[in-house]
Amino acid sequence: MPDPKNPLKHLYSTGRWQKFRRAYLAQHPLCVMCEQMGKVEAATVVDHKIPHRGDVVRFWVGPFQSLCAECHSGPKQAEEHGKVRGCDVNGWPLAEGGCK
Ligand SMILES: [Zn+2]
């Protein structure tokens, strides 16, 4: 059953996305949200600036922004948890108690 909140989730595990993600992060290595707050934080997530909401074209075309795992999961949430959580191989921040 596809995830209604993220119907294109399967695309994140494709080689095409992995390649794109690596190239994007190489070009935009810093988290843009942290940068706005004057912090320098390495980005680990390529975020869809405009939620793709199941739109395949938007998924591949963007626009994108580089985010760290904390900003991607929401600054408020990050504040509550108070620490950086890891990301899986697809660049998704892990939920509670992920890798260190
Ligand atoms: Zn950040």
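Attention in this report is confined to the structure presented alongside it. Numbers given for residues are sequential positions, taken from 1 along each chain in its written order. Restriction of local features to residues with pLDDT of at least 70 applies here, the model being predicted, together with a cutoff of 80 or more for giving and counting side-chain atom pairs; totals for whole chains, interfaces and linings are based on all residues. Excluded from the side-chain calculations are hydrogens and water; all other atoms, namely the structure's heavy atoms, are used.

## Some words on the overall build of the chain
Phase 1: Check the secondary structure of the chain and you find 5 helices and 2 strands.
Phase 2: In this description a helix means any DSSP run of H or I spanning at least four residues, a strand means any run of E spanning at least two, and both kinds are numbered starting from the N terminus. For the chain, the succession of helices and strands along the chain, N to C, is α-α-β-α-β-α-α.
Phase 3: Burial classification: accessible surface area is computed with a 1.4 Å probe over protein chains only, and a residue below 20% of its type maximum counts as buried, one above 50% as exposed, and the rest as partly exposed. The proportion of buried residues among the 100 residues of the chain is 35%.
Phase 4: Whether two residues are in contact is decided by their heavy atoms, any of which lying within 4.5 Å being enough. A fraction of 49% describes how many contacts in the chain between residues 6 or more apart in sequence connect residues 24 or more apart.
Phase 5: Using a 1.4 Å probe, accessible areas were evaluated by the Shrake-Rupley method; residue-level cover was limited to the displayed protein chains. A total accessible area of about 6600 Å² is found for the chain, and carbon and sulfur atoms account for 57% of it.

## Observations regarding the side chain of arginine 21
Phase 1: Inspection of the secondary structure puts arginine 21 in helix H1 (residues 15-27).
Phase 2: Among the residues examined, arginine 21 registers a relative accessible area of 13% and is labelled buried.
Phase 3: Polar contacts here mean pairs of N or O atoms no more than 3.5 Å apart (in protein, one a potential hydrogen donor and the other a potential acceptor; neighbouring residues in sequence count only if both atoms are side-chain atoms). A polar contact is formed between the side chain of arginine 21 and the backbone oxygen of threonine 44, at a distance of 2.9 Å.

## A few points about the nonpolar core
One broad rule of soluble globular proteins: the nonpolar side chains tend to lie buried together.
Phase 1: Of all hydrophobic cores here, the largest spans 11 residues; its members are Leu8, Leu11, Tyr12, Trp17, Tyr24, Leu25, Ala43, Val46, Phe59, Trp60 and Phe64.
Phase 2: At the level of secondary structure, the elements contributing two or more residues to this core comprise H1 and helix H3 (56-61).
Phase 3: Setting aside its immediate chain neighbours within four residues, leucine 8 contacts His52, Gly54, Asp55, Val56 and Phe59.
Phase 4: Put simply, buried Ala, Val, Leu, Ile, Met, Phe, Trp, Tyr and Cys residues joined by side-chain atoms within 4.5 Å make one nonpolar core. Counting residues in hydrophobic clusters, the runner-up holds 5 residues, among them Cys31, Cys34, Leu67 and Cys68.

## Notes on the coordination of the zinc ion
Phase 1: Only nitrogen, oxygen and sulfur atoms qualify as donors, and only when within 2.8 Å of the metal (3.2 Å in the case of Na, K and Ca); with water excluded, sites may look incomplete. Taken together, Cys31 (SG), Cys34 (SG), Cys68 (SG) and Cys71 (SG) make up the protein donors of the zinc ion, found 2.2 to 2.3 Å from the metal.
Phase 2: Between the donor residues of the zinc ion, the gaps in sequence give the motif C-x2-C-x33-C-x2-C. Placement of the pair is cysteine 34 in helix H2 (residues 32-36) and cysteine 68 in the loop between strand S2 (64-67) and helix H4 (69-72), with a sequence separation of 34 residues. The residues cysteine 34 and cysteine 68 share a single accessibility class, namely buried.

## Here's the deal with the pairing of strand S1 (residues 45-48)
Phase 1: Alternating residues of S1 divide into Val45 and Asp47 and Val46 and His48, and every residue in both groups is buried.
Phase 2: Where S1 lies against S2, 4 bridges are found, and the strand directions are antiparallel. Bridge pairing in S2 links valine 46 to serine 66. By definition, two strands form a pair when at least two bridges between them are found by DSSP.

## A closer look at unusual backbone geometry
Phase 1: Between glycine 62 and the following residue, proline 63, the backbone shows a cis peptide bond with an omega angle of 10 degrees.
Phase 2: Note that proline 63 resides in the loop between H3 and S2.
Phase 3: Within the chain, arginine 53 stands out as a residue other than glycine whose phi angle is a positive 45 degrees.
Phase 4: When you line up the elements, arginine 53 lands in the loop between S1 and H3.
Phase 5: Given the relative accessible area of 70%, arginine 53 is considered exposed.

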